[in-house]
Amino acid sequence: MKLLLDPTRCQGYGLCQEPAPELVDLDEWGYAQPRGTTVPDGGAEAAAAAVAACPNSALRLVK
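Because the structure is a prediction, the values reported are computed rather than measured.

Rules of the game
The residue numbering used here restarts from 1 in each chain and proceeds along that chain's sequence as written. Two thresholds apply to this predicted model, a pLDDT of at least 70 for residue-level local features and 80 or more for giving and counting side-chain atom pairs, whereas whole-chain, interface and lining totals are computed over all residues. Side-chain numbers come from the whole structure's heavy atoms, not from hydrogens or water. Any carboxyl oxygen of Asp or Glu within 4 Å of a side-chain nitrogen of Lys or Arg constitutes a salt bridge here. Secondary structure is summarised from DSSP: a helix means a run of H or I of at least four residues, a strand means a run of E of at least two, and numbering begins at the N terminus for each. Each residue is placed in one exposure class: buried if its accessible area under a 1.4 Å probe, protein chains only, is under 20% of its type's maximum, exposed if it is over 50%, and partly exposed if it falls in between. For this quantity, the arc is that covered by the directions from the helix axis to the C-beta atoms. Contact between two residues is taken to exist if any of their heavy atoms lie within 4.5 Å; hydrogens are not considered. By nonpolar core we mean a set of buried residues, namely Ala, Val, Leu, Ile, Met, Phe, Trp, Tyr and Cys, connected to one another through side-chain atoms within 4.5 Å.

Colleague: Explain the pattern of salt bridges to me, please; I cannot follow it from the model alone.
Modeller: Pairs can form between side chains of opposite charge whenever their charged atoms are close. Within this structure, the stated rule accounts for one salt bridge. Here R35 makes a salt bridge to D25, at a shortest N to O gap of 2.9 Å. In this pair, R35 sits in the loop between β3 (32-34) and α1 (44-53) while D25 sits in strand β2 (residues 24-26), placing the two residues ten residues apart along the sequence. Classification of R35 as exposed rests on a relative accessible area of 53%.

Colleague: Help me understand the environment of A48, please; the structure alone is not making it clear to me.
Modeller: Within the fold, A48 resides in helix α1. Overall, A48 belongs to the partly exposed group, its relative accessible area being 37%. When the C-alpha positions of A48 and P19 are compared, they lie 9.0 Å apart, and in sequence the two are 29 residues distant.

Colleague: I keep staring at α1 and nothing clicks. Help me out?
Modeller: Given 3.6 residues per helical turn, the α-helix brings residues three or four places apart onto the same face. Three or more residues of α1 are buried, namely A46, A47 and A50. Within α1, the buried residues cover an arc of 100° as seen down the axis, which keeps them to one side. In α1, the exposed residues that point more than 90 degrees away from the buried face are E45 and A52. Where α1 is buried, its residues meet β1 (2-5) and β4 (59-62).

Colleague: Looking at this structure, I do not really get unusual backbone geometry. What am I missing?
Modeller: Despite not being glycine, S57 has its phi angle at roughly 55°, a positive value. Topologically, S57 is positioned in the loop between α1 and β4. Residue classification places S57 among the partly exposed residues on the basis of a relative accessible area of 47%.

Colleague: Honestly, the nonpolar core in this entry has me stumped. Any pointers?
Modeller: Nonpolar side chains in soluble globular proteins generally cluster together in the buried interior. L3, C16, L23 and V24 are the most contacted members of the largest nonpolar core, which totals 14 residues. The greatest single-element share of this core, amounting to three residues, is contributed by α1. In this structure L3 touches L23, V24, G36, T37, V39, A47, V51, L59, R60 and L61, once residues within four positions along its chain are discounted.

Colleague: When you look at the environment of G30 in this model, what are you seeing that I'm missing?
Modeller: One can find G30 in the loop between β2 and β3. Residues G30 and Q17, spaced 13 residues apart in sequence, show a C-alpha to C-alpha distance of 9.6 Å. Discounting residues that sit within four places of it in the chain, G30 has contacts with G12, Y13 and G14.

So this is what it looks like as structure tokens:
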């Protein structure tokens, strides 16, 4: 499973990082920076929560 970011959609709210701090970092302006594209074993629930938390659908999961 991969966690992908569309940086053109990210508005820097930072909501995606709260449920998945091990998967998403925020840059100095609050924009999402995934730690990698591959979701580690046991991280699917956190990744799904990060995707759901984004109000602009900037993150998505791909199998």
